[in-house]
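Topology and contacts: notes
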Amino acid sequence: MLSVALAASLICTQALAATYIQAGKLIPANSDKVMSEVTVVVDGNKIREIHQGYITGGEQDELVDLKTHTLMPGLMDMHTHVTSQHNGPSSYMERFTLNEADYAIKGVQYAKRTLLAGFTTIRNLGDGYNESVALRNAINKGVVEGPRIFTAAKSIATTGGHADPTNGTAKKIQGDPGATDGVINGVAEARKAVRQRYKDGADLIKITATGGVLSVAKSGQNPQFMDDELKAIVDTAKDYGMTIAVHAHGKEGMERAIKAGVTSIEHGTYMDKQTFKLMKKHQTYYVPTVMAGNWVAEKAKIDGFFPELVRPKAATIGPLILQTLANAHKAGVKIAFGTDSGVSAHGDNGLEFVLMVEAGMKPIEAIRAATYHGAILIDQLDSLGTIEDGKLADLVAVSGDPLDDIKRMQQISFVMKNGQIYKTPEA
Ligand SMILES: [Zn+2]
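Residues numbered from 1 in each chain as written. Predicted model: local features only at pLDDT ≥ 70, side-chain atom pairs only at ≥ 80, totals over all residues. Heavy atoms only, no water.

**Some points on the domain arrangement of the chain**
To keep it simple, the criterion reads: Residue ranges assigned to the domains are those given by an automatic or database domain assignment. The term buried area denotes the loss of accessible surface (1.4 Å probe radius) that occurs when two parts are joined, taken as the sum for both partners. For salt bridges, the criterion is a side-chain nitrogen of Lys or Arg within 4 Å of an Asp or Glu carboxyl oxygen.
Looking at the assigned domains, one finds that the chain contains domain 1 (4–74 + 386–423) and domain 2 (75–377). Each of domain 1 and domain 2 has a C-alpha centre, and the two are 31 Å apart. Buried surface at the junction of domain 1 and domain 2, summed over both partners, amounts to about 2,100 Å²; 68% is from carbon and sulfur atoms. Applying the counting criterion to the domain 1 and domain 2 interface returns two salt bridges.

Listed below in structure tokens is the structure:
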């Protein structure tokens, strides 16, 4: 039975005024079409109707004038690390100097920046201490402001692999991290690591199927999981209703993961024609993160920015991702938008649109990768990802037309999440 106070607040919510958003252009994102001069009526946290032409509600209703703007669904970044941000050489010291609470508090700040950049939904693909689970819960409860978070919590690696948290540390402080810490060897530990993440409150699973750039380890692309370990991860994740995002640069490791039935390949640097064929067969999504590639390539030019083992990997792998995206797009692989923000700064996420267009995607394709395809990837298309009657009111706008100038996606001027306005254009 509802308490009196809760019942009263429900009545109050129903009586709230509607919001009438008059938009010069509208990208619903369920197709390539663009509409002109429409009014989107938002009631509570949902889109009530899309009306052709400008209309206003009653006196009690709110009117938002976006007649010189383009309105589109809230943006979705499918690859972030919202509780941390690389800040040069000292980043590698932070694991010895910071605690869980420090990351949690950083996350509050980064989540808000992400939301104000127009990203109303993110996947968080790896944290240190499950602090992104607490952040997600606090945002959902309205305690702090940020995007809807679908988090993998702590990534799963193998010993010495890309997400082994003790890589590069002195033997005497390494200990022997196991499944709970996200380091597995063999089938039983693979299963345990997935089940532990379920218990920890993760929404999905992230594994590091090959070496990576920023870890203090020699190879940035060797395969790091065996077929039986991958199968154990995928089978267990499916039992618990979780999808699997896979960090991968090298071809062999990523192809093993695709064949095992994972959901998305992140970065994907050395994928080729054979890999594309395999991805199309298995309906695997590609999340390119070109921004992260460009960022590490740029920083590799600075002496002392990265540890010695990291620098050559950053210089070699980083610059290749843009071309990989160009090839994957031409081959017809399904692409979802992702930035790996936390490598580059949170709030800069919109730059990825510019790079996607540079790689040959049409502006509308890049926008749909960050809306419609994101929603499919996290299995939320029934409530998010397009502007349609009855969907959740996650809406953003830019001044002018982003299809004429994709750089406008870096200047989001209106943000609504769940029917609540967080940003309006400056008058
Ligand atoms: Zn990442």
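**With respect to unusual backbone geometry**
One can expect most non-glycine residues to show negative phi and most peptide bonds to be in trans. Inclusion rule: The helix count covers DSSP runs of H or I at least four residues long, the strand count covers runs of E at least two residues long, and both are numbered beginning at the N terminus. Categorising residues by exposure relies on relative accessible area from a 1.4 Å probe, with only protein chains included: less than 20% of the type maximum marks a residue as buried, more than 50% marks it as exposed, and the intermediate range marks it as partly exposed.
The phi torsion at Asn 130 lies on the positive side, around 65 degrees, for a residue other than glycine. Backbone geometry at Asp 340 places phi at a positive 60 degrees, although glycine is not the residue there. On the secondary structure map, Asp 340 appears in the loop between helix H12 (321–331) and helix H13 (351–358). Residue classification places Asp 340 among the buried residues on the basis of a relative accessible area of 8%.

**Some words on the packing of helix H8 (residues 251–260) against helix H9 (residues 273–282)**
Axes are the key here: two packed helices are described by the angle between their axes and the distance separating the axes. How we decide: For every element, the axis is a line fit to its C-alpha atoms; helices are fit only across the contacting stretch, and the angle between N-to-C directions ranges from 0 to 180 degrees. Between 65 and 115 degrees an angle is taken as roughly perpendicular, under 35 as roughly parallel, over 145 as roughly antiparallel, and anywhere else as oblique. Crossing handedness: left-handed means the near helix sits turned counterclockwise from the far one by under a right angle, and right-handed means the same turn made clockwise. The criterion used for residue contact is that any of the two residues' heavy atoms lie within 4.5 Å.
It is at 10 Å that the axes of H8 and H9 come closest, and there the two elements cross at 15 degrees. Classified by the angle between their axes, H8 and H9 sit roughly parallel to one another. In the crossing of H8 with H9, the sense of the turn from one axis to the other is left-handed. Of H9, the residues touching H8 (which contributes Lys 251, Met 254, Glu 255, Ile 258 and Lys 259) are Gln 274, Thr 275, Leu 278, Met 279 and His 282.

**Quick look at the coordination of the zinc ion**
Inclusion rule: Coordinating donors are taken as N, O and S atoms within 2.8 Å of the metal, stretched to 3.2 Å for Na, K and Ca; because water is absent from the atoms, sites can appear incomplete.
Here the zinc ion is held by the protein donor atoms His 79 (NE2), His 81 (NE2) and Asp 340 (OD), which lie 2.1 to 2.3 Å from it. Mapped onto the polypeptide sequence, the residues donating to the zinc ion form the spacing pattern H-x1-H-x258-D. Take His 81: its relative accessible area is 17%, and that puts it in the buried class.

**Let's talk about the sheet that holds strand S6 (residues 119–124)**
To summarise the sheet geometry, strands pair through backbone hydrogen bonds and adopt either a parallel or an antiparallel arrangement. We apply this condition: Only when DSSP finds a minimum of two bridges between them are two strands counted as paired.
Taken in spatial order, the three strands line up as S5-S6-S7 in an open sheet, and their pairing is parallel. Of all strands in the sheet, those bounded by a partner on one side alone are strand S5 (75–80) and strand S7 (148–151). Each adjacent strand pair in this sheet contributes to an overall mean axis angle of 15 degrees, direction not counted. As judged from the four bridges shared by S6 and S7, these two strands associate in the parallel manner. Residue Ile 122 lies in a different strand from S7, and its bridge partner there is Ile 149. In the packing of helix H4 (residues 131–140) onto the sheet, the strands contacted are S6 and S7, and the crossing angle to S7 comes to about 150 degrees.

**Concerning the environment of Gly 146**
Relative to the helices and strands, Gly 146 is located in the loop between H4 and S7. On a C-alpha basis, the gap between Gly 146 and Asp 227 in space is 37 Å, while along the polypeptide they are 81 residues apart.

**Digging into the pattern of salt bridges**
By the definition in use, this model includes 15 salt bridges. Lys 67 serves as the salt-bridge partner of Asp 65, at 3.6 Å between the closest nitrogen and oxygen. Here Asp 65 falls in the partly exposed class, since its relative accessible area comes to 48%. What makes Lys 67 partly exposed here is its relative accessible area of 37%. Between Asp 272 and Lys 251 there is a salt bridge whose closest N-O contact spans 3.0 Å. Of this pair, Asp 272 sits in the loop between strand S12 (264–267) and H9 while Lys 251 sits in helix H8, placing them 21 residues apart in sequence. Its relative accessible area of 24% is what places Lys 251 among the partly exposed residues. Via salt bridges that share partners, Lys 251, Glu 255 and Asp 272 belong to a single interconnected network.

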